[in-house]
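# Structural features, examined
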2 protein chains.
Amino acid sequence: MRISELSERTGVSIPTIKFYIREGLLPRGEPTGSNRATYSSHHAGRLALIRTLREVAHLPVATIGEVLSALDEPAAAARGEHVALALGSLARQDRTPTASAASMVASLADRMGWVVDPASGSYRDLAAALTALEEHWGDAFTLDGLERYARIAQELAEMEIPAHWQPADADSLTYAVLGTILYEPVILALRRMAHADRHRRLTRPEGGEDS
Amino acid sequence: MRISELSERTGVSIPTIKFYIREGLLPRGEPTGSNRATYSSHHAGRLALIRTLREVAHLPVATIGEVLSALDEPAAAARGEHVALALGSLARQDRTPTASAASMVASLADRMGWVVDPASGSYRDLAAALTALEEHWGDAFTLDGLERYARIAQELAEMEIPAHWQPADADSLTYAVLGTILYEPVILALRRMAHADRHRRLTRPEGGEDS
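Before going into details, it helps to say that this report is about the structure given with it. (Residues numbered from 1 in each chain as written. Chains lettered and ligands numbered in written order. Predicted model: local features only at pLDDT ≥ 70, side-chain atom pairs only at ≥ 80, totals over all residues. Heavy atoms only, no water.)

Right, let's talk about the pattern of salt bridges for a bit. Residue and element names in this part refer to chain A. This structure, assessed with the given rule, holds 16 salt bridges over all chains. R151 is the partner of E147 in a salt bridge, and the nearest nitrogen-oxygen pair spans 2.9 Å. Taken together, the positions of E147 and R151, both in helix α9 (residues 143-160) and 4 residues apart, correspond to about one turn of that helix. We classify E147 as buried; its relative accessible area is 17%. (Salt bridge = Lys/Arg side-chain N within 4 Å of Asp/Glu carboxyl O. Helix = DSSP H or I, 4+ residues; strand = E, 2+ residues; numbered from the N terminus. Buried < 20%, exposed > 50% of the residue type's maximum accessible area, 1.4 Å probe, protein only.)

Here it is as structure tokens:
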């Protein structure tokens, strides 16, 4: 397809598409003339991912570049690790974790049998989140408590990523990353709703959990 | 306690404490002399909440004011709704939801038996998050799919808020709000870890879910 059609299909303006190509986020189109190029559905999928990473995850262009290179990394693909790597580039927190928070993450990964790279974004994010908990809420959390959350996260992941999932092509990798990100605000909003509803039930005057 | 002790205990500087009092986020201390006042543990708990709302949830002062007034609202307390109201002030999204996203939230609340106020922040956040999903991911989600997420959110809420939970005092309300917020980054980091681990297992060369 021509760049105008690519723009129309993805809702990304032509100057922005050209900017992404210059920044190396999007591969160039196949040249079809002196000043023309043709684009494939791979370009469209990649643009959808870039747009979501910007508009929903609010990531800076440089970080988006890291996520995309992780998806394109052949050595990671051979180890079945490209999605893990791409998700790992999404770190949000830059607070330095305390030693106790970092060691709690290591113990948790051990209990869960998770392979967790200490250089990955989710490792750093979890350690930073536990550091904030420690600082703002004293020692009101324990490894056992954290494990209960991890079991629910595992249950979520098993529901979301079916056992027959296979990275058939670049598009399925894109969708794996998109899904992880796009559902985050959904999950947080649902939990707040469930909390609000539960507080309402537990504290209403007539008492009792249900009526 | 004196303001200096309050500052030391909570890690909030004296000028910042005075600013919160001027902005009406924190009640004045009990006057004990011409230019002195004494502060209680209620002030300390409230300051901890304000600090978390600023540093972890990154909320503007005006929104923090809304959260705190919700906790102090006697009519809401009588209906057992102060935590629900306070959580409802935490809306993050300001995107206008599509009609289909809004109606999906209403149908979901109905299926789950949740009391959801359409003016509340979690209602608006969920509708906005579904609008983003619709826009960025086409129609890849259904009410059934959303309900599976809602069941897991419900499971989380039941684990986090024990059935014997009672809003014994202002402090337990504070901790209810703090817990909802402080665990959000923990939950997201755990889910990314679980996703990364699951992708790694499902795509590794030898195949199979586990070995």
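Once that is clear, we can look at the interface of chain B and chain A. Each partner contributes to the interface: chain B provides 81 residues, whereas chain A provides 82 residues. Each partner contributes to the roughly 8300 Å² buried at the junction of chain B and chain A, and carbon and sulfur atoms together form 66% of this total. Of all residues in chain B, the largest losses of buried area upon contact with chain A belong to H136, Y149 and R192 of chain B, amounting jointly to 10% of the total for that side. Applying the counting rule to chain B against chain A returns 6 salt bridges. Taken together, the connections running from chain B to chain A amount to 24 residue pairs in polar contact (both at pLDDT 80 or more). Looking at the side of chain B that touches chain A, the elements that each hand over two or more residues are α3 (41-55), α6 (82-88), α7 (99-112), α8 (121-137), α9 (143-160) and α10 (170-203) of chain B. When residues in the side of chain B that touches chain A are grouped by element, the largest group, 27 residues, is from α10 of chain B. (Contact = heavy atoms within 4.5 Å. Buried area = accessible area lost by both parts, 1.4 Å probe. Polar contact = N/O pair within 3.5 Å; in protein donor to acceptor, adjacent residues only side chain to side chain.)

Let us look at the nonpolar core. Counting 141 residues, the largest nonpolar core has L130 and L190 of chain A together with L130 and L190 of chain B as the members making the most contacts within it. If sequence neighbours within four positions are ignored, L190 of chain A has contacts with L108, W114, L126, L146, Y149, A150 and A153 of chain B. (Core = buried A, V, L, I, M, F, W, Y, C linked by side-chain atoms within 4.5 Å.)

All right, on to the packing of aromatic side chains then. Any pair of aromatic rings gets described here by the distance separating the centres and the angle formed by the planes. For the structure shown, the criterion picks out 4 aromatic pairs over all chains. Between the aromatic rings of Y149 of chain A and Y183 of chain B, the centroid separation amounts to 4.5 Å while the plane-to-plane angle is 5°, which identifies the pairing as stacked. Note that Y149 of chain A is positioned in helix α9 and Y183 of chain B in helix α10, a pairing that runs across two chains. For the residue pair Y149 of chain A and Y183 of chain B, the accessibility class agrees, reading buried in each case. Relative to Y20 of chain B, the ring of F19 of chain B has its centre 5.8 Å away and its plane inclined at 50°; by these criteria the two rings are tilted. Here Y20 of chain B falls in the buried class, since its relative accessible area comes to 4%. (Phe/Tyr/Trp six-rings, centres within 6.5 Å; stacked < 30°, edge-to-face > 60°.)

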